[in-house]
Amino acid sequence: MKKPVPVESASALIDEKIKELGDWRGKTLAKVREVIHKADPEIVEEWKWVKPTNPGTPVWSHGGIVCTGETYKNVVKMTFAKGARLKDPSGLFNSSLEGNVRRAIDIHEGEKVDEAALKDLIRAAVALNLKGQNKGKPKPKPPRASSKRAD
C-alpha cells in the first residue's frame, strides 16, 4: 500500500499542476480550489492515484473525499465522490449523471461556475461525509428505567 502524499506536498503539487497547465484550465482549477477553500476552510488537499500513466489527481477531503479536480484537454472536471446523494437545485452536475454514486461538473473554456451554488454543494458533501462517520458506531443507549420495584 502506498503512503499518502503529505498535505504540504499535496498543496505544492496542486500549485505545480496549476502553474504547469498555464492556460484557462490552470486558471479554472485555481478558481475552483479557491471556492472549495472558501466553502470549507477545514478542507484538506490531497494528491492521489499516482501511477506510471498518471502523475496523480488533486483531491479535496473532509471526513472523506469531497471532490477531485481533474484536467483534460477540453475540460476541468470536478468529480464529487458521493454526488448522487447530494441535492443539486442549481443543476451544476452535468457529467457522470448515470452512475449510482459519483456526479461531476465539467467546466469548459469560457464557462463561469455559479460560486454560491458550488459552495452549497461542497458544504453538503462535507456534511454527508461527516454524517457518514457515525455509521457503524453503536449509538449510545438511553438510560434504562430502574428495574427496582418500590413496594
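Everything below is about the structure shown above.
Residues numbered from 1 in each chain as written. Predicted model: local features only at pLDDT ≥ 70, side-chain atom pairs only at ≥ 80, totals over all residues. Heavy atoms only, no water.

1. A few points about unusual backbone geometry
Trans is the common state for peptide bonds, and a negative phi is the common state for residues other than glycine.
Here is step 1 of the chain: Look at W49: it is not a glycine, yet its phi comes out positive at around 60 degrees.
Here is step 2 of the chain: Within the element layout of this structure, W49 appears in the loop between strand 1 (44-48) and strand 2 (57-61).
Here is step 3 of the chain: Residue W49 is classed as partly exposed on the basis of its relative accessible area of 44%.
Here is step 4 of the chain: Despite not being glycine, S96 shows a phi value in the positive range, around 55 degrees. (Helix = DSSP H or I, 4+ residues; strand = E, 2+ residues; numbered from the N terminus. Buried < 20%, exposed > 50% of the residue type's maximum accessible area, 1.4 Å probe, protein only.)

2. Describing the nonpolar core
Here is step 1 of the chain: Within the largest apolar cluster, 28 residues are counted, with the highest numbers of intra-cluster contacts made by I36, V66, M78, F80, I105, L118 and I122.
Here is step 2 of the chain: Elements with a contribution of two residues or more to this core: helix 1 (7-21), helix 2 (24-39), strand 3 (65-71), strand 4 (76-80), strand 5 (103-107) and helix 3 (115-132).
Here is step 3 of the chain: Here the element with the most residues in this core is helix 3; it accounts for 7 residues. (Core = buried A, V, L, I, M, F, W, Y, C linked by side-chain atoms within 4.5 Å.)

3. Some details on the sheet that holds strand 2
Here is step 1 of the chain: A sheet is described by the order of its strands in space; here 5 strands give the open sequence 1-2-3-4-5, paired in antiparallel fashion. Strands at the two margins of the open sheet, each flanked by one partner only, are strand 1 and strand 5. In this sheet, adjacent strand axes meet at a mean angle of 25 degrees when their direction is disregarded.
Here is step 2 of the chain: Summarising the sheet, strand 1 and strand 2 pair through 5 bridges and their orientation is antiparallel. Bridging across to strand 2, E46 finds its partner in V59.
Here is step 3 of the chain: Taken strand by strand, helix 2 contacts strand 1, strand 2, strand 3, strand 4 and strand 5, and its axis lies near 30 degrees from that of strand 4. (Pairing = 2+ DSSP bridges. Axes fitted to C-alpha atoms, helices over the stretch in contact; angles between N-to-C directions. Contact = heavy atoms within 4.5 Å.)

4. Some thoughts on the pattern of salt bridges
Here is step 1 of the chain: Using the criterion set out here, one finds 8 salt bridges in the structure.
Here is step 2 of the chain: For E34, the salt bridge goes to K31, with nearest N and O atoms at 3.4 Å. Linking E34 with K31, this pair stays in helix 2, spanning 3 residues, or about one helical turn.
Here is step 3 of the chain: The partner of E34 in a salt bridge is K38, with the nearest N and O atoms 3.1 Å apart. Separated by 4 residues within a single helix, E34 and K38 lie in helix 2, roughly one turn from each other.
Here is step 4 of the chain: Here K38 falls in the partly exposed class, since its relative accessible area comes to 44%.
Here is step 5 of the chain: Taken together, the salt bridges that share partners define one network made up of K31, E34, K38 and E115. (Salt bridge = Lys/Arg side-chain N within 4 Å of Asp/Glu carboxyl O.)

5. Quick notes on the pairing of strand 4
Here is step 1 of the chain: A large share of strand 4 lies buried, amounting to 5 of its 5 residues.
Here is step 2 of the chain: Burial along strand 4 is two-sided: V76, M78 and F80 facing one way and K77 and T79 facing the other are all buried.
Here is step 3 of the chain: Direction of pairing for strand 3 relative to strand 4: antiparallel, over a ladder of 5 bridges. Within strand 4, the residue paired with E70 across the bridge is K77.
Here is step 4 of the chain: The antiparallel pairing of strand 3 with strand 4 creates a hairpin that spans 4 residues between the two strands.
Here is step 5 of the chain: Summarising the sheet, strand 4 and strand 5 pair through 5 bridges and their orientation is antiparallel. Within strand 5, the residue paired with K77 across the bridge is D106.

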